[in-house]
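Summary of the model geometry
Okay, here's what each chain looks like letter by letter:
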Amino acid sequence: MTPTSTALPESAEAPALAPPGDLAIWFFILAELLAFAVFFAAYAFARAKNPDLFDEMQRTLNRDAGAANTLLLITASWCVARGVHAVVKYNDSAKASRWLLGGIAGGAGFLVIKLFEYSHVFGAGITLSTNTFYMFYISLTFFHFMHVILGMVILTVLWAQTRKGLYTPDSANGLESGAAYWHMVDLVWIVLFPLVYVMR
């Protein structure tokens, strides 16, 4: 008796696993994450040298504002993920554009709250040279703030292109690449918020 072959036909073989979007965006994301990791490590080292100062200064931050911004970015990322899903799974550009608009709104909310935080900090006469904690707080959060702005520019471009129906299930690399960048921005804040605002 001829043994039965267990090999799958070529058409049924599982596709090779690959990250969504262009490979180049992942190299860029990894470089950005490395930059933030160096920042976080420097913060942790400085904190270990002067924990009392860092604990005292953390109490001056608006933790509620930071928590609200965390919720806004997580919600924005969820909206962006739903937008990508609407295109890749259902080829529904109209629904995808609405989800992306929700992501943009979440990012805008983050920026507004952060600007209120900065107005309070700078209005109190606090600068980069006030102390080590505020040097890191201002530097870290502003570095991330600029990434949020860039992410919103990307989301706005994606939203405009999605409204035109330029993305399809077979041609969604640009959409997935932009979404991946936005999720990186969200991930960094999820680490930054407890590290700078909460952990003592």
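Residues numbered from 1 in each chain as written. Predicted model: local features only at pLDDT ≥ 70, side-chain atom pairs only at ≥ 80, totals over all residues. Heavy atoms only, no water.

Under an unreviewed UniProt entry, the name given to the chain is Cytochrome c oxidase subunit 3 family protein, and the organism recorded is Denitromonas halophila. We quote the UniProt Sequence similarities (unreviewed entry) comment for the chain here in full: "Belongs to the cytochrome c oxidase subunit 3 family." (UniProt positions renumbered as here; feature names shortened; annotations may be inferred.)

1. Comments concerning the overall build of the chain
The secondary structure content of the chain amounts to six helices and zero strands. The secondary structure elements of the chain, listed N-terminal to C-terminal, are α-α-α-α-α-α. Scaling as 2.2 N^0.38, a compact globule of 200 residues should have a C-alpha radius of gyration of about 16 Å, whereas the chain reaches 21 Å, well beyond that. The dimensions of the chain, computed from C-alpha atoms along their principal axes, are 80 × 45 × 25 Å. Long-range contacts, defined here as pairs at least 24 residues apart, represent 80% of the contacts in the chain between residues at least 6 apart. Per element, the accessible surface of the chain, about 11,100 Å² overall, is 67% carbon and sulfur. Looking at charge distribution, the chain has the averaged site of its 12 positive side-chain charges lying 8 Å from that of its 13 negative ones. (Helix = DSSP H or I, 4+ residues; strand = E, 2+ residues; numbered from the N terminus. Rg over C-alpha atoms; globule rule 2.2 N^0.38 Å. Contact = heavy atoms within 4.5 Å. Areas by Shrake-Rupley, 256 points an atom, 1.4 Å probe, with all protein chains shown as cover. Lys, Arg positive; Asp, Glu negative; His and termini not counted. Charge placed at Lys NZ, Arg CZ, Asp CG, Glu CD.)

2. Side note on the packing of aromatic side chains
This model, assessed by the stated rule, comprises 20 aromatic pairs. On the numbers, 5.9 Å between centres and 20 degrees between planes, the contact of Phe 28 with Tyr 181 is stacked. Of this pair, Phe 28 sits in helix H1 (residues 23-49) while Tyr 181 is found in helix H6 (residues 173-198), placing the two residues 153 residues apart along the sequence. For Phe 28, a relative accessible area of 37% puts it in the partly exposed group. Centroid distance Tyr 118 to Phe 145: 5.8 Å. Interplanar angle 70 degrees. Geometry classified as edge-to-face. With a gap of 27 residues between them, Tyr 118 in helix H4 (residues 93-123) and Phe 145 in helix H5 (residues 132-163) connect regions that are remote in the sequence. Three or more aromatic residues joined by ring pairs form one cluster here, namely Tyr 43, Phe 54, Phe 110, Phe 133, Tyr 134, Phe 136, Tyr 137, Trp 189, Phe 193 and Tyr 197. Residue placement shows Lys 114 over the ring face of Tyr 118; its charged tip is 5.2 Å from the ring centre. (Phe/Tyr/Trp six-rings, centres within 6.5 Å; stacked < 30°, edge-to-face > 60°. Buried < 20%, exposed > 50% of the residue type's maximum accessible area, 1.4 Å probe, protein only. Lys NZ or Arg CZ within 6 Å of the ring centre and 35° of its normal.)

3. Section: the nonpolar core
Nonpolar side chains tend to gather and get buried jointly when the protein is soluble and globular. Residues Tyr 43, Phe 133, Tyr 134, Tyr 137, Trp 182, Val 196 and Tyr 197 are the most contacted members of the largest nonpolar core, which totals 51 residues. Of all elements in the fold, only H1, helix H2 (51-58), helix H3 (63-90), H4, H5 and H6 reach the threshold of two or more residues within this core. With 14 residues, H6 is the largest single contributor of residues to this core. Excluding residues within four positions of it along the chain, Tyr 197 makes contact with Gln 58, Leu 61, Asn 62, Arg 63, Gly 66, Lys 114, Glu 117, Tyr 137, Trp 189 and Leu 192. (Core = buried A, V, L, I, M, F, W, Y, C linked by side-chain atoms within 4.5 Å.)

4. Things to note about H1
Its 27 residues place the ends of H1 40 Å apart at the C-alpha level, agreeing with the 39 Å of an ideal helix rising 1.5 Å per residue. For H1, every residue scored as buried is listed here: Ile 25, Ile 29, Glu 32, Phe 36, Phe 40, Tyr 43, Ala 46 and Arg 47. Buried residues along H1 sit against H2, H5 and H6. (Expected span 1.5 Å × (residues − 1).)

5. A word on the packing of H5 against H6
One can describe the packing of H5 onto H6 by two numbers: an axis separation of 9 Å at closest approach and a directional angle of 155 degrees. Between H5 and H6, the angle is such that the two are roughly antiparallel. Of the two elements, H5 crosses H6, and the hand of that crossing is left-handed. Classifying every residue of the contact of H5 with H6 by side-chain character gives 20 nonpolar, seven polar and no charged. (Axes fitted to C-alpha atoms, helices over the stretch in contact; angles between N-to-C directions. Parallel < 35°, antiparallel > 145°, perpendicular 65-115°, else oblique. Left-handed = near helix turned anticlockwise from the far one by under 90°. Nonpolar A, V, L, I, M, F, W, Y, C, P; charged D, E, K, R; others polar.)

6. Quick word on the UniProt feature "transmembrane region" (unreviewed entry) in the chain
According to UniProt, the feature "transmembrane region" (unreviewed entry) maps to residues 23-46, 67-87, 99-116, 136-160 and 180-199 in the numbering used here. Taken end to end, residues 67-87 comprises 100% helix and 0% strand; its first and last C-alpha atoms sit 31 Å apart. Along residues 136-160 the backbone is 100% helical and 0% strand, and the end-to-end C-alpha distance reaches 36 Å.

7. Some words on H2
Considered for burial, the residues of H2 that qualify are Leu 53, Phe 54, Asp 55, Met 57 and Gln 58. For H2, the secondary structure elements touched by its buried residues are H1, H5 and H6.

8. A short note on the pattern of salt bridges
Per the counting criterion, the structure on display carries two salt bridges. Of the charged contacts, one joins Arg 47 and Asp 55 as a salt bridge, the two residues approaching to 2.6 Å between their closest N and O atoms. On the basis of relative accessibility, which here comes to 18%, the residue Asp 55 falls in the buried class. Of the charged contacts in the structure, one is a salt bridge between Glu 117 and Lys 114, with a shortest N-O distance of 2.9 Å. A residue pair is termed a helical-turn pair when its members lie 3 or 4 positions apart in one helix, as Glu 117 and Lys 114 do in helix H4 at three residues. No difference in accessibility class separates Glu 117 from Lys 114, as the two residues are buried. (Salt bridge = Lys/Arg side-chain N within 4 Å of Asp/Glu carboxyl O.)

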